[in-house]
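Structural features, examined
Each chain, letter by letter, is given below.
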Amino acid sequence: MTEVPTITLNNGVKIPQLGFGVYQIEPADTKKATLDALEVGYRHIDTAEMYGNEKGVGEAVREFGIDRSDVFITSKLNNSFHARDAALKAFEGTLATLDLDYVDLFLIHWPLPMIGDYVETWKAMEEMYAGGKVKAIGVSNFQPEHLQRLFDETGTVPAANQIEVHPYLTNDVVRDFDAKYGIATEAWSPIAQGKVLDDKTIVDIAERVGKSPAQVTLRWHIQRGDIVFPKSVTRSRIEENFALFDFELTDADVSAITALDRGERTGPDPDTFDYVPKG
Ligand code: NAD
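Quick summary incoming for the structure in this document. (Residues numbered from 1 in each chain as written. Predicted model: local features only at pLDDT ≥ 70, side-chain atom pairs only at ≥ 80, totals over all residues. Heavy atoms only, no water.)

A short note on the overall build of the protein
Basically, it comes down to this: A run of H or I in DSSP becomes a helix once it reaches four residues, and a run of E becomes a strand once it reaches two; helices and strands are each numbered from the N terminus. For this measure, only C-alpha atoms enter the radius of gyration; the expected value for a globule follows 2.2 Å times N^0.38, where N is the number of residues. Burial classes: relative accessible area under 20% of the type maximum marks a residue as buried, over 50% as exposed, and values in between as partly exposed (1.4 Å probe, protein chains only). Contacts between residues were defined by any pair of non-hydrogen atoms, one from each residue, lying within 4.5 Å. The protein chains shown are the only cover counted for residues, whose accessible areas, like all others here, come from Shrake-Rupley with a 1.4 Å probe. None of His or the chain ends enter the tally, which takes Lys and Arg as positive and Asp and Glu as negative. To locate a charge, take NZ of a lysine, CZ of an arginine, CG of an aspartate or CD of a glutamate.
The secondary structure content of the protein amounts to 10 helices and 10 strands. Relative to the compact-globule value of 19 Å for 279 residues, the protein shows a C-alpha radius of gyration of 18 Å, a close match. Structurally, the protein occupies a C-alpha span of about 55 × 40 × 35 Å along its principal axes. Taking all 279 residues of the protein together, the buried fraction comes to 54%. Across the protein, the fraction of contacts at a sequence separation of at least 24, relative to all contacts at a separation of at least 6, is 74%. Entry remark: accessible area of the protein is about 11,600 Å², with carbon and sulfur atoms responsible for 50%. Seen as two clouds, the 28 positive and the 45 negative side-chain charges of the protein have centres 2 Å apart.

Structural notes on the pattern of salt bridges
For clarity, the threshold we go by: Any Lys or Arg side-chain nitrogen located within 4 Å of an Asp or Glu carboxyl oxygen qualifies as a salt bridge.
Inspection of the entire model under this criterion finds 20 salt bridges. Two residues, E239 and R235, come together in a salt bridge whose shortest N-O distance is 2.9 Å. Note that E239 and R235 are positioned in helix α9 (residues 235–242) at a spacing of four residues, about one turn of the helix. Owing to a relative accessible area of 39%, E239 belongs among the partly exposed residues under this scheme. Each of K32, D36, E39, R235 and E239 takes part in a single network of salt bridges with overlapping partners.

Dropping the structure here:
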C-alpha cells in the first residue's frame, strides 16, 4: 500500500499529509464515502460540525475496524460556539456525534474578525487540549493578524492553520507566516473544486508526466509541503486522488503552477466572513 508522508506538528503529533475531505458530502452518503476512502488507504479524514456529517465519519471508522490510533480525524468548531462555555459544550457534542473518545485535531473553523471573540475561543481550545480528548488544536481561515493576536494574548501557537490554497490562490503570504511560526498549513479546496483542472499549464504538465490534472495539482501541494484532503464521492476519483506518490514534478513545473496565482477565492474571504448559524 502507498506510503503517505507524515508532517510533524509543533507538539510532536504526526499527521498524514494526504487525507480525505467530506465537505458537501450528504450526511446519508458520508459513511459509504469514508469507508471507500479507508479501503483505498486514506488514514486522515477532515470533517466539521458545520458539515453535518461527523456521524457518518465515526460510523465508517468503527465499521472499518481500524485501530483508532491508525486514523487521524480532524473536526472543527462551528461559528455559533465561539464563547468559552459554548465551545467546550460543542466540542463534547463533536465527540458524541463522532462517537469517538478523542479527535486528533480540532480547529476554530473561522475567525469571524468582525465579531472579534476568537481569543476567548482559543483559550477554550487550550482547555480542551489540557483535557486530553484532542491531540492537537489549531485554527482555520486565520490571517496573519489574527494569528499575531493569538500569539500576543494567549499561551500557545496553533498546530495548524487550514486555509484556502490552490493554483489560482497560492496564499503564500499566509503560508509563509505559518511556516515562520511553525504552524502547519492545510490547503482546503486543493483543486479549487475542479476549477483548475482545465488550466492549460496544468493540462500540459499532466499530459507530459502521464497523470491527470487533479493528480498534478495535488502533487504540487505535496511538493510545496502543505497538507491536503481532496473530496469526492466517486470511487475512481477517490483512488485517483490517492495515487500521488509514484511521480514527481520538476522545480520548473512547481514554479509554473505557482505562477498561475490570480488571487481568486472559491470560498468566503476570512476578513469579512461573519456567518453565524442560528441555534
Ligand atoms: P476540492 O478542491 O477537494 O474539490 C472537490 C470537487 O472536485 C469534488 O466535489 C468533485 O466535483 C471534484 N473532483 C474531486 N476529485 C476529482 C478528480 N480527480 N477529477 C475531477 N474532479 C474531481 O474542494 P473541497 O471539497 O471544497 O475541499 C476539500 C476539503 O477541504 C473539504 O472536503 C473540507 O474537508 C475542506 N474544506 C475546508 C474549509 C474550511 O473553511 N476550513 C472550506 C472548504 C473545504
